[in-house]
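An overview of the molecular structure
One-letter residues, chain by chain:
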Amino acid sequence: MRVVLKQVFPLGRFHATPWRVNPFDDPYGEWPPSPWRLVRGVVARWYQWWREDPQRADGWLDPLIQALCTSSYAFHLPVHVQRGSPLRQYFPVEFKWNPEGKKKAAVRSYRTSLAQDNYVCLPTDDDGAIWWYLDGDQWNEQLAEALNECLRRMNYFGRAETFTRIAVEMDPTKAPQQPNCTLTEKRAEGTVPLLAPKPTATPEDVQRVTDDSEAVKRSVPPGARLLYATRPASAAMREIGTPRKTDRETNLIQFAIGWNVPPEARAIVRLTAKFRGAVLKEMLLMLTGDPKITWSRAPLEAREAVAEMAGKDAQ
């Protein structure tokens, strides 16, 4: 049975670095996305599904891993893809005295580490969709539905800033009938290496963390193998005269706290809880017009309207 996946990137970027590759040594990043990344992402989202609905999710993890690892992979990639200008970002690593010299005035702060962020740019509409073709004997309709439950919980792919929407295409006739990117075991001119799961990969292999003692010094982790992708030629770029459409399906809100001297954890919890409560009260006020409204007193339809922000359902 063939399972077809449709994946889009609402922000028009795919940020990813191959396994254990220094981003400064590989300015191109990973393209196309590796099947190994998909398998590990699905497993991670299965655990989220199991936490949310253990009765429905129970028993599907091992069949999903077996089907994903024994499948063959092909893609239909967008042709309007260009490498983006690398970004260099500092992120905190260790909390130490800075500077370390004993005879110098110092403060305790996070050290910073420089990382290079490599990515590719692609259209945000259907022209920028990646179509995955998974062929394997293990697939059936029930297993494909379980896969879709995991995929619909996947909101990023690769680096955390790569927002994505991916799902099983229930009507395969909507997908391109032939892939334009295939994977082979032999390297040839113009191909790029991708990690794919071995058919014999175990659940322990797939779920191994990157700093595991058996994987930390290997360019190919246990349970994976190198395949080589033949990518389609990029189309000539041309300027589009129409204004870019805003994707209204993705709404992002971030609340961050910064400090020079870190407060105690309980103070952070109290502050963020106060902020969350104020946001929810304001949203309920906008819906009901009652300045004394609380979550417990709010009508059911109002609680349902703000359930995503609340992090819990109306009940």
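Residues numbered from 1 in each chain as written. Predicted model: local features only at pLDDT ≥ 70, side-chain atom pairs only at ≥ 80, totals over all residues. Heavy atoms only, no water.

**Observations regarding the overall build of the protein chain**
Note the following rule: To qualify as a helix, a DSSP run of H or I must reach at least 4 residues; to qualify as a strand, a run of E must reach at least 2; elements of each kind are numbered from the N terminus. Accessible area is worked out with a 1.4 Å probe on protein chains only. A residue is then buried under 20% of its type maximum, exposed over 50%, and partly exposed in between. Here a residue-residue contact requires only that any non-hydrogen atoms of the pair lie within 4.5 Å. Accessible surface area values rest on a Shrake-Rupley calculation with a 1.4 Å probe, where residue burial reflects the displayed protein chains alone.
From N to C terminus, the protein chain includes eight helices and 12 strands. Principal-axis analysis of the C-alpha atoms places the extent of the protein chain at approximately 65 × 65 × 50 Å. Burial analysis of the protein chain (315 residues in total) assigns 35% to the buried set. Within the protein chain, counting contacts between residues at least 6 apart in sequence, those at least 24 apart form 76% of the total. Accessible surface for the protein chain amounts to roughly 19,900 Å². Of this, 51% is attributable to carbon and sulfur atoms.

**Details of the side chain of Glu169**
One can find Glu169 in the loop between β9 (165-168) and β10 (181-184). In contact with Glu169, other than residues within four places in its own chain, are Val4, Leu5, Lys6, Trp131 and Lys174.

**Points about the sheet that holds β10**
Applicable threshold: Only when DSSP finds a minimum of two bridges between them are two strands counted as paired. Comment: axis = line fitted to C-alpha atoms, over the contacting stretch for helices; angle = value between 0 and 180 degrees taken between N-to-C directions.
With antiparallel pairing, the seven strands of this open sheet are ordered in space as β9-β1-β8-β3-β10-β12-β11. In the strand order of this sheet, the two ends are held by β9 and β11 (191-197), each with one partner. Here the strands of the sheet are splayed against their neighbours by 30° on average, with no regard to which way each runs. Pairing analysis gives six bridges linking strand β1 (residues 2-8) to strand β8 (residues 130-135), with the strands arranged antiparallel.

**Some thoughts on the nonpolar core**
What counts is decided by this rule: We define the nonpolar core as a collection of buried residues of types Ala, Val, Leu, Ile, Met, Phe, Trp, Tyr and Cys that are connected through side-chain atoms lying within 4.5 Å of one another.
Of all hydrophobic cores here, the largest spans 53 residues; its most connected members are Leu5, Leu38, Val42, Trp132, Trp139, Leu147 and Leu151. In terms of residue count, helix α1 (residues 35-52) provides more of this core than any other element does, seven residues in total. Beyond its immediate chain neighbours, meaning those up to four positions away, Leu38 contacts Leu5, Tyr73, Trp132, Leu151, Phe157 and Ile166. Val4, Ala74, Trp131 and Ala175 belong to the second-largest nonpolar core, a separate cluster that totals seven residues.

**Notes on the environment of Met154**
Turning to its location among the elements, Met154 is positioned in the loop between α4 (141-151) and β9. For the pair Met154 and Ile166, spaced 12 residues apart in sequence, the C-alpha separation works out to 7.3 Å. Sequence-distant contacts of Met154, that is, excluding residues within four places in its chain, are made with Gly41, Val42, Arg45, Thr164 and Ile166.

**Here's the deal with the packing of aromatic side chains**
Applied cut-off: Only Phe, Tyr and Trp rings are paired, with Trp represented by its six-membered ring, and only when their centres lie within 6.5 Å; those with planes under 30 degrees apart are stacked, over 60 edge-to-face, the remainder tilted. Definition used: whenever NZ (Lys) or CZ (Arg) falls within 6 Å of the ring centre and also within 35 degrees of the ring normal, the charge is taken to sit over that ring.
All told, the structure shown has nine aromatic pairs when counted by the stated rule. The positively charged end of Arg108 is found above the aromatic ring belonging to Trp97, 5.5 Å away from the centroid. The ring of Trp295 carries the charged tip of Arg303 above its face, separated from the ring centre by 6.0 Å.

**Some details on a nonpolar patch on the surface**
For clarity, the cut-off: Two joining distances apply to patches: 9 Å for like charges and 5 Å for nonpolar side chains (Val, Leu, Ile, Met, Phe, Trp, Tyr), and every residue must have over 30% relative accessible area and no salt bridge. By convention in these notes, a salt bridge is any Lys or Arg side-chain nitrogen within 4 Å of a carboxyl oxygen on Asp or Glu.
Residues Phe95, Tyr110, Phe255, Ile257, Trp259, Leu271 and Phe275 make up a contiguous nonpolar surface patch of about 640 Å² in total accessible area. Position of Trp259 among the secondary structure elements: in the loop between β12 (224-230) and α6 (265-288). The exposure class assigned to Trp259 is partly exposed, which follows from its relative accessible area of 38%.

**Topic: the sheet that holds strand β4 (residues 82-83)**
If you walk across this open sheet you meet the three strands as β2-β7-β4, and the pairing is antiparallel. At either margin of the open sheet sits one strand with a lone partner, and together these are β2 (13-15) and β4. Examined bridge by bridge, β2 and strand β7 (residues 119-121) share three bridges and lie antiparallel to one another. Residue pairing for β7: His15 is matched across the bridge by Tyr119.

**Looking at the packing of α1 against helix α3 (residues 61-70)**
Applied cut-off: Any angle that is under 35 degrees is reported as roughly parallel, and any over 145 degrees as roughly antiparallel; angles of 65 to 115 degrees are reported as roughly perpendicular and all others as oblique.
The contact between α1 and α3 brings their axes to 10 Å, and the two run at 170°. When the axis of α1 is compared with that of α3, the two are roughly antiparallel. Together, Val39, Val42, Val43, Trp46 and Tyr47 of α1 and Leu61, Leu64, Ile65, Leu68 and Cys69 of α3 make up the contact between the two elements.

**Some points on the confidence of the model for the protein chain**
What counts, and what does not: The predictor attaches a confidence to each residue, called pLDDT, with possible values from 0 through 100.
Scored by pLDDT, the protein chain has a mean of 88; 95% of the residues are at 70 or more. For the protein chain, the element scoring lowest by mean pLDDT is strand β5 (residues 87-98), at 83; α3 scores highest, at 96.

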